[in-house]
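So the chains spell out like this:
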Amino acid sequence: MTAFDVMLDAYRTWVDPMSRKVTAVALRRAGLAPHSRVLDVAAGLGALALPAAEAGHRVHAIDLAEQMLAALGTALAPYPESTVEVMDATALTFPDDTFDAAFSMFGIFFFGDGVAGALAEMRRVTRPGGVVVAAHWADPMGGPMFTLLSRAAARLGDLPPIGTWGFGFLEGADLERALRGAGCTEASSEPFEIDYVLPEPERALDEMHTLFLNHPDYPHDLSPAQHERLRVALAEEVRRNDSSAELRVRARVNIVVGHVPR
Ligand SMILES: C[S@@+](CC[C@H](N)C(=O)[O-])C[C@H]1O[C@@H](n2cnc3c(N)ncnc32)[C@H](O)[C@@H]1O
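Residues numbered from 1 in each chain as written. Predicted model: local features only at pLDDT ≥ 70, side-chain atom pairs only at ≥ 80, totals over all residues.

Visitor: Mind showing me how you'd approach the nonpolar core here?
Guide: With 91 residues, the main nonpolar core has Ala-26, Ala-49, Phe-103, Leu-119, Val-132, Val-133 and Leu-179 as its most contacted residues. With residues near it in sequence (within four places) discarded, Ala-26 still touches Leu-48, Phe-103, Met-105, Val-133, Ala-135 and Ile-255. (Core = buried A, V, L, I, M, F, W, Y, C linked by C-beta atoms within 7 Å. Buried ≥ 20, exposed ≤ 12 C-beta atoms within 10 Å, placed from the backbone. Contact = placed C-beta atoms within 7 Å.)

Written out as structure tokens, the structure reads:
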């Protein structure tokens with residue numbers, strides 16, 4: 001079971017709906033022809049794969065998290081032309097030019113040293129004239145839930161620092177460079193803002209705990225007293241961001257679209 005399988009319930013509640021807002025924009029920017037062959041790399045619960053299948057595209061979704069992918073497979077059942085497969089993004093097994101478009105939404109920064117190889121693979125399996133699309137959180141916030149966690153931990157003073165987001169690619173230019181390095185041309189990124197919905201302040205740490213476990217700086221060995229103090233500090237950070245009846249924080253995202261040369 002991967003860390004993403006462990007966080008499945010929290011992901012469904014607190015992340016997938018935000019990813020959906022981003023994938024709606026990514027799908028529009030990709031400008032797909034009807035009935036396109038779409039690859040969703042690091043698909044998770046299908047924030048991109050599901051709306052793409054609903055729009056009539058033939059989607060193949062790959063990920064390493066078997067339980068996330070099983071849930072996505074069930075959700076894709078009404079779309080028999082769309083499928084899921086456990087596969088490593090850095091070693092795609094498809095022949096060259098299999099897809100009209102390859103997407104990775106909030107995926108690439110988890111590939112570690114394999115990012116360049118994964119993007120080159122996405123370009124390889126996309127036909128000439130097709131598009132490769134990637135999305136990632138943008139400066140200055142990075143992933144909003146991690147930023148709030150980082151601020152809460154810093155206020156306590158006795159926890160090791162928790163970085164806001166340690167995976168790079170926060171600048172659109174970094175994403176563009178990465179896609180060009182993978183062999184795409186005309187790679188261009190555009191930032192935009194979404195409202196990220198937050199849990200009730202007092203429940204925020206418990207609700208997001210399994211998401212935080214995946215953060216490289218998150219202390220896995222908090223004492224009960226530290227946990228309680230972090231819970232209170234995080235509640236305070238969430239309350240500070242409450243700008244409406246619903247608890248939200250404004251987050252910035254970059255989407256980069258690269259073209260595969262003809
Ligand atoms: C933040 S989630 C993004 C999920 C989905 N694309 C979305 O926008 O909601 C990152 C995903 O990357 C997957 N992942 C991480 N490393 C991977 C790899 N090497 N190959 C395939 N998937 C990977 C994880 O299992 C997880 O589902």
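Visitor: I'm lost on helix α10 (residues 224-240) in this one. Help?
Guide: An α-helical segment advances 3.6 residues per turn. Residues three or four places apart therefore align on the same side. Under the 1.5 Å per step criterion, the end-to-end length of α10 is 25 Å for 17 residues, consistent within 8% with the ideal 24 Å. Within α10, the full set of buried residues consists of Leu-230, Ala-233, Leu-234, Glu-237 and Val-238. Looking straight down α10, one finds its buried side chains confined to an arc of 145°; they lie on one side. Of the exposed residues in α10, the ones pointing more than 90 degrees away from its buried face are Pro-224, Ala-225 and Glu-228. (Helix = DSSP H or I, 4+ residues; strand = E, 2+ residues; numbered from the N terminus. Expected span 1.5 Å × (residues − 1). Arc of directions from axis to C-beta.)

Visitor: Even after reading the chapter, I still don't get the sheet that holds strand β1 (residues 37-41), so can you show me in this structure?
Guide: Strand pairing in a sheet takes place through backbone hydrogen bonds and is either antiparallel or parallel in direction. Read from one edge to the other, the open sheet built from seven strands follows the order β3-β2-β1-β4-β5-β7-β6, with strand pairing classed as mixed. Only two strands of the sheet have a single partner each, and these edge strands are β3 (83-86) and β6 (185-197). The mean inter-strand angle of the sheet, taken between neighbouring strand axes irrespective of direction, is 20°. Alignment of strand β4 (residues 99-105) against strand β5 (residues 126-137), held across six bridges, turns out to be parallel. Counted as the bridge partner of Met-105 is Ala-135 from β5. With respect to the sheet, helix α5 (residues 66-75) is in contact with β2 (58-63) and β3, its orientation differing from that of β3 by roughly 170°. Where helix α6 (residues 115-124) meets the sheet, its contacts fall on β1, β4 and β5, and the angle it forms with β5 comes to roughly 145°. (Pairing = 2+ DSSP bridges. Axes fitted to C-alpha atoms, helices over the stretch in contact; angles between N-to-C directions.)

Visitor: Any chance you could explain unusual backbone geometry here in plain terms?
Guide: One can expect most non-glycine residues to show negative phi and most peptide bonds to be in trans. A positive phi is found at Ala-42, a non-glycine position, where the angle reads about 60°. With respect to the helices and strands, the residue Ala-42 is situated in the loop between β1 and α4 (49-54). Here Phe-106, not a glycine, exhibits a phi torsion of approximately 55°, which is positive. Of note, Phe-106 is situated in the loop between β4 and α6.

Visitor: What am I meant to see in α6 here?
Guide: When you tally the buried positions in α6, you get seven out of 10 residues, the bulk of the element. Inspection of α6 places Val-115, Ala-118, Leu-119, Ala-120, Glu-121, Met-122 and Arg-123 among the buried residues, and these make up the whole buried set. Among the structural elements, β1, β4, β5 and α8 (172-181) are those in contact with the buried residues of α6.

Visitor: Help me understand the pairing of strand β7 (residues 248-259), please; the structure alone is not making it clear to me.
Guide: In regular strands, side chains alternate between the two faces of the sheet. Summarising the sheet, β5 and β7 pair through seven bridges and their orientation is antiparallel. Residue pairing across strands places Ala-134 opposite Val-256, the latter belonging to β7. Taken together, the 11 bridges between β6 and β7 define a ladder with antiparallel strand orientation. Pairing of Asp-195 across the sheet is with Arg-250, part of β7.

Visitor: Is there a simple way to think about the environment of Leu-170 in this case?
Guide: Its place among the elements puts Leu-170 in the loop between α7 (144-156) and α8. For the pair formed by Leu-170 and Val-253, sequence separation is 83 residues and the distance between their alpha carbons is 8.5 Å. When neighbours within four sequence positions are excluded, Leu-170 is seen to be in contact with Trp-137, Ala-138, Asp-139, Gly-142 and Trp-165.

Visitor: Where do I start with the pairing of β1 in this structure?
Guide: Across the five residues of β1, five count as buried, placing the element largely inside the fold. Neither face of β1 is open: one carries Arg-37, Leu-39 and Val-41, the other Val-38 and Asp-40, and all of them are buried. Two elements, β1 and β2, share five bridges in a ladder whose sense is parallel. By the bridge assignment for β2, Asp-40 is matched with Ala-61. Taking the sense of rotation as the criterion, the β-α-β connection linking β1, α4 and β2 turns out right-handed. Pairing of β1 with β4 involves three bridges; the strand directions are parallel. (Right-handed = clockwise from strand over helix to strand, strands pointing away.)

Visitor: For this particular structure, what's the right way to read the environment of Val-232?
Guide: Positionally, Val-232 belongs in helix α10. Sequence separation between Val-232 and His-60 is 172 residues; the distance between their C-alpha atoms is 42 Å.

Visitor: Help me understand the packing of α6 against α8 in this model?
Guide: Axes are the key here: two packed helices are described by the angle between their axes and the distance separating the axes. At a minimum axis separation of 8 Å, α6 and α8 run at an interaxial angle of 60°. In terms of axis orientation, α6 runs oblique to α8. Considering only the axes of α6 and α8, their crossing is right-handed. Along the contact surface, α6 presents Val-115, Ala-116 and Leu-119, while α8 presents Ala-178, Leu-179 and Gly-181. Of the residues contributing to the contact of α6 with α8, the split by class is five nonpolar, one polar and no charged. (Parallel < 35°, antiparallel > 145°, perpendicular 65-115°, else oblique. Left-handed = near helix turned anticlockwise from the far one by under 90°. Nonpolar A, V, L, I, M, F, W, Y, C, P; charged D, E, K, R; others polar.)

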